[in-house]
Amino acid sequence: MGKGPGLYTDIGKKARDLLYKDYQTDQKFTLTTFSPTGVAITSAGTKKGDLFVADVNTQLKNRNVTTDIKVDTSSNLFTTITVDEPAPGLKTIFSFRVPDQRSGKVELQYLHDYAGISSSIGLTANPIVNFSGVFGTNVLALGTDLSFDTKTGNFTKCNAGLSFSNVDLIASVALNEKGDSLNASYYHIVNPLTNTAVGAEVTHCFSTNENTITVGTQHALDPLTMVKARVNNAGKASALIQHEWRPRSLFTISGEVDTKSIDKSAKVGLALALKP
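Quick caveat, the model's predicted, so the values are computed rather than measured.

What counts and what doesn't
- Residues numbered from 1 in each chain as written.
- Predicted model: local features only at pLDDT ≥ 70, side-chain atom pairs only at ≥ 80, totals over all residues.
- Heavy atoms only, no water.
- Helix = DSSP H or I, 4+ residues; strand = E, 2+ residues; numbered from the N terminus.
- Rg over C-alpha atoms; globule rule 2.2 N^0.38 Å.
- Buried < 20%, exposed > 50% of the residue type's maximum accessible area, 1.4 Å probe, protein only.
- Pairing = 2+ DSSP bridges.
- Phe/Tyr/Trp six-rings, centres within 6.5 Å; stacked < 30°, edge-to-face > 60°.
- Lys NZ or Arg CZ within 6 Å of the ring centre and 35° of its normal.
- Salt bridge = Lys/Arg side-chain N within 4 Å of Asp/Glu carboxyl O.

**Details of the overall build of the protein**
For the protein, the count of helices and strands is one helix and 19 strands. Its C-alpha atoms give the protein a radius of gyration of 21 Å, near enough to 19 Å, the size a compact globule of 276 residues would have. Judged by the C-alpha coordinates and their principal axes, the protein covers about 55 × 50 × 40 Å. Each of the 276 residues in the protein was classed as buried or not, and the buried ones make up 32%.

Next up, the structure:
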C-alpha cells in the first residue's frame, strides 16, 4: 500500500478495475511509437458496430511538464498540460477542447500523508466548481466529492465515501447521486503469487428500490497471461483473456453472454495494444 489516502477517485478503484477494466464488446487497435526526442505518438481506432472512431494523441514531456494533444475523427482538438510537483505534493492540470470555447478548466491536486485534495474550476463566466477531499491514512480514509454550478447556485453532485484497506483486502462504501444511491465494494487478494483476486460490488438505488450486484475474479495463468470473469444479477456473464505477447504490447479478447437469453448471440470484443 502507498502512503496517504490518495484521491477520492481511488476509493473503490481496485474493485472497479477488477470488475470493469479491459472488458469490451468492440474492436480496438492502439499503436504507440516513440521518437528519439522523447515524443510519444499514440494512434487508436475503435469499431463500434457500423461506426468507426479514431484519434491520434501526441505526448511531449519536458522536465516536470507534460503536454498531451489529441485529435479525433470528429475534428475535436483536446489539449492537456500537466505540471507535476511545482511544489511538494502538488500537481496542476490545465485542459481545453477546440472548438468548444467553454471547455477550459484548471485543476489542482494535492497529496499528503493524511490528505488528498482535488479542486477544479471551469474557465467561463459562470463556471462549475468541483472539489473532492479525502482525509485519513492508507488504512482508513473518509472523503467527499462535490460539484457546484455558480450559474444556478445549485450543487450538481454531492457524494461521500469511506474506504478501509488492509494488506490483502480493500472495502469501501459510497453514497452517491445526492444520497439516492448507495454503493459498496470489496476487493480481496487470494494469492499474490498468481495475482488471484476476487471482488464484488453492490449498488442500491433508493428512488427505484433496485439493486445491482456484480461479482468477479481474476487469475494469472503465467506471468504474461491474465484471465478474468464476472457476472451480475441481470444475468450478464463476461470473461476475458489478456496476453502480453511482447513487452508492453497486449492482446485482449473478451466476451459477454446474456444467460437469461441464451438464444441471443454472444458479444465478442478484441483489443490490440502495441508499444514497440
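Following the structure, the description resumes.
**Here's the deal with the pairing of strand β13 (residues 181-191)**
A regular strand places its side chains on the two faces of the sheet in alternate fashion. With eight bridges joining them, strand β12 (residues 169-176) and β13 adopt antiparallel strand pairing. If you follow I170 over to β13, its bridge partner there is Y187. Counted between consecutive antiparallel strands, the loop separating β12 from β13 contains four residues, among which E177 sits at a positive phi close to 55°. Sheet analysis places β13 next to strand β14 (residues 196-205), joined by 10 bridges and oriented antiparallel. Among the inter-strand pairings, Y186 is bridged to a residue of β14, identified as A200.

**Quick look at unusual backbone geometry**
Glycine aside, a negative phi is what most residues show, and trans is what most peptide bonds show. Of note, the bond from V98 into P99 is cis; its omega dihedral lies within 30 degrees of zero at 20°. If you trace the backbone, P99 turns up in the loop between β6 (90-98) and β7 (105-112). Backbone geometry at K178 places phi at a positive 55°, although glycine is not the residue there. Relative to the helices and strands, K178 is located in the loop between β12 and β13. For N209, which is not a glycine, the phi torsion comes out positive at approximately 60°.

**Brief notes about the packing of aromatic side chains**
Within the structure shown, the criterion is met by two aromatic pairs. Taking the centre distance of 5.5 Å and the plane angle of 45° together, the rings of F94 and F96 count as tilted. Its guanidinium or amino end placed over the ring of F78, K70 lies 5.2 Å from that ring's centre, counting from NZ or CZ. A cation sits over an aromatic face here: R230 above Y23, 4.1 Å from the ring centre.

**A closer look at the pattern of salt bridges**
The tally for this structure, following the rule as stated, stands at four salt bridges. In this structure, D17 and K13 form a salt bridge, with 2.7 Å as the shortest nitrogen-oxygen distance. Remark: K13 and D17 occur in helix α1 (residues 13-20); sequence separation between them is four residues, near one turn of the helix. Given the relative accessible area of 25%, D17 is considered partly exposed. Take K13: its relative accessible area is 37%, and that puts it in the partly exposed class. In this structure, the salt-bridge partner of D100 is R97, at a minimum N-O distance of 2.9 Å. Of the residues examined, R97 reaches a relative accessible area of 30% and is grouped as partly exposed.

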